[in-house]
Amino acid sequence: MRILPEDSLVMVVDYQERLMPAMANQEALLAQATRWLLGVKLLGIPTILTQQNTKGLGMSVEAIRSLLGSEKPYFEKIAFSALADEAILREVESQGRGTLVLGGIEAHVCVLQTAIDAKALGYEVVVVSDCIDSRNPRDKEIALRRMEQEGIWLTTSESILLEWLQRAGDDRFREMLKIIK
């Protein structure tokens, strides 16, 4: 399956202030997520930002919020699966895209449950494996295995950005090289 930019919708799941410091590889995660979202922005892929229990876990980290722009509202959720929230589900459906591309935390909870629900709703689901993490590396490892068993596609940030770009030799490619290198 080729992942096409015109059919993709990105969901940025819960990169929040009180949750991010607990991640096993928080520095690498934030660096990769930042590069990925810079590329998403360059390519104009629509994004949805979620936050789990904002009152308890805080806002999305500044690096993520600033990339998405202050005009980009976030969707508050209490359920672990973003798609269990009616407002988020309506927003996903309103985009009219068939592929949901996920990055976020925690891999074994909110990302996994959102991915499984999206797959059950008929979406092609892609998880950007270097843009997810958990507090415990074993939880992330098992979540990735479970996702594969559920028929969810795994990729990396560089791989999907270049797959969306589709070709070299133009200004967008040169800009993308600055992001991924």
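Details of the structure are given in the entry above.
No experiment lies behind these values; they were computed from the predicted model shown.

A. Quick peek at the environment of Arg-135. Looking at the element boundaries, Arg-135 is found in the loop between strand S5 (124–133) and helix H6 (137–149). Here Arg-135 falls in the partly exposed class, since its relative accessible area comes to 49%. The spacing of Arg-135 and Pro-21 is 114 residues in sequence and 8.9 Å in space, taken between C-alpha atoms. Contact partners of Arg-135, with chain neighbours within four places excluded, come to Ala-22, Met-23, Ala-24, Glu-106 and His-108. In terms of polar contacts, Arg-135 uses its side chain to reach the side chain of Glu-106, at 2.8 Å.

B. Geometry of helix H7 (residues 157–165). Residues of H7 that are buried include every one of Ser-157, Ile-160, Leu-161, Glu-163, Trp-164 and Leu-165, and no others. Those residues of H7 that are buried are in contact with strand S1 (8–13), helix H1 (26–43), strand S4 (99–105), S5, strand S6 (153–155) and helix H8 (171–180). Two residues or fewer past H7, Gln-166 is found with a positive phi of approximately 75°.

C. Layout of the state of the cysteines. Inspection of every chain in the model, using the stated rule, returns zero disulfides. In this structure Cys-110 is not part of a disulfide, and its nearest cysteine sulfur, from Cys-131, lies 17 Å away. Given a relative accessible area of 6%, Cys-110 falls into the buried group.

D. Region of interest: the pairing of strand S3 (residues 74–77). Side-chain alternation along S3 places Phe-75 and Lys-77 on a buried face and Tyr-74 and Glu-76 on a face that remains uncovered. Bridge count for strand S2 (residues 47–52) against S3 is four bridges, and the pairing is parallel. Counted as the bridge partner of Thr-50 is Phe-75 from S3.

E. Just the pairing of S4, in detail. Burial of S4 is extensive: seven of the seven residues sit out of reach of the surface. Neither face of S4 is open: one carries Thr-99, Val-101, Gly-103 and Ile-105, the other Leu-100, Leu-102 and Gly-104, and all of them are buried. Note: S4 against S5, six bridges, orientation parallel. Bridge assignment links Leu-100 to a residue of S5, and that residue is Val-125. Read from S4 through helix H5 (residues 107–120) to S5, the crossover connection turns out right-handed.

F. Molecular detail of the sheet that holds S4. Overall, parallel pairing links the six strands, which are arranged S3-S2-S1-S4-S5-S6 in an open sheet. Of all strands in the sheet, those bounded by a partner on one side alone are S3 and S6. Averaged over all neighbouring strand pairs, the angle between strand axes comes to 25°, with direction disregarded. Contacts from H1 reach S1, S2, S4 and S5 within the one sheet, and its direction differs from that of S5 by about 135°. Here H6 sits on the sheet in contact with S5 and S6, set at roughly 165° to S5.

G. Here's a closer look at the side chain of Thr-50. Following the sequence through the fold, Thr-50 ends up in strand S2. A polar side-chain atom of Thr-50 sits 2.9 Å from a polar atom in the side chain of Asp-14. The residues contacting Thr-50, other than those within four sequence positions of it, are Met-11, Val-12, Val-13, Asp-14, Ser-60, Phe-75, Lys-77, Ala-82 and Ile-88.

H. Fine view of the packing of H1 against H8. At a minimum axis separation of 9 Å, H1 and H8 run at an interaxial angle of 165°. Accordingly, the angle class assigned to the pair H1 and H8 is roughly antiparallel. The way H1 lies across H8 gives a crossing that is right-handed. Here Arg-35, Leu-38, Gly-39, Leu-42 and Leu-43 of H1 lie close against H8, whose contacting residues are Arg-172, Glu-175, Met-176, Ile-179 and Ile-180.

Criteria and cut-off values
- Residues numbered from 1 in each chain as written.
- Predicted model: local features only at pLDDT ≥ 70, side-chain atom pairs only at ≥ 80, totals over all residues.
- Heavy atoms only, no water.
- Helix = DSSP H or I, 4+ residues; strand = E, 2+ residues; numbered from the N terminus.
- Buried < 20%, exposed > 50% of the residue type's maximum accessible area, 1.4 Å probe, protein only.
- Contact = heavy atoms within 4.5 Å.
- Polar contact = N/O pair within 3.5 Å; in protein donor to acceptor, adjacent residues only side chain to side chain.
- Disulfide = S-S within 2.5 Å.
- Pairing = 2+ DSSP bridges.
- Right-handed = clockwise from strand over helix to strand, strands pointing away.
- Axes fitted to C-alpha atoms, helices over the stretch in contact; angles between N-to-C directions.
- Parallel < 35°, antiparallel > 145°, perpendicular 65-115°, else oblique.
- Left-handed = near helix turned anticlockwise from the far one by under 90°.

Interpretation in functional terms is not warranted from these geometric data alone.
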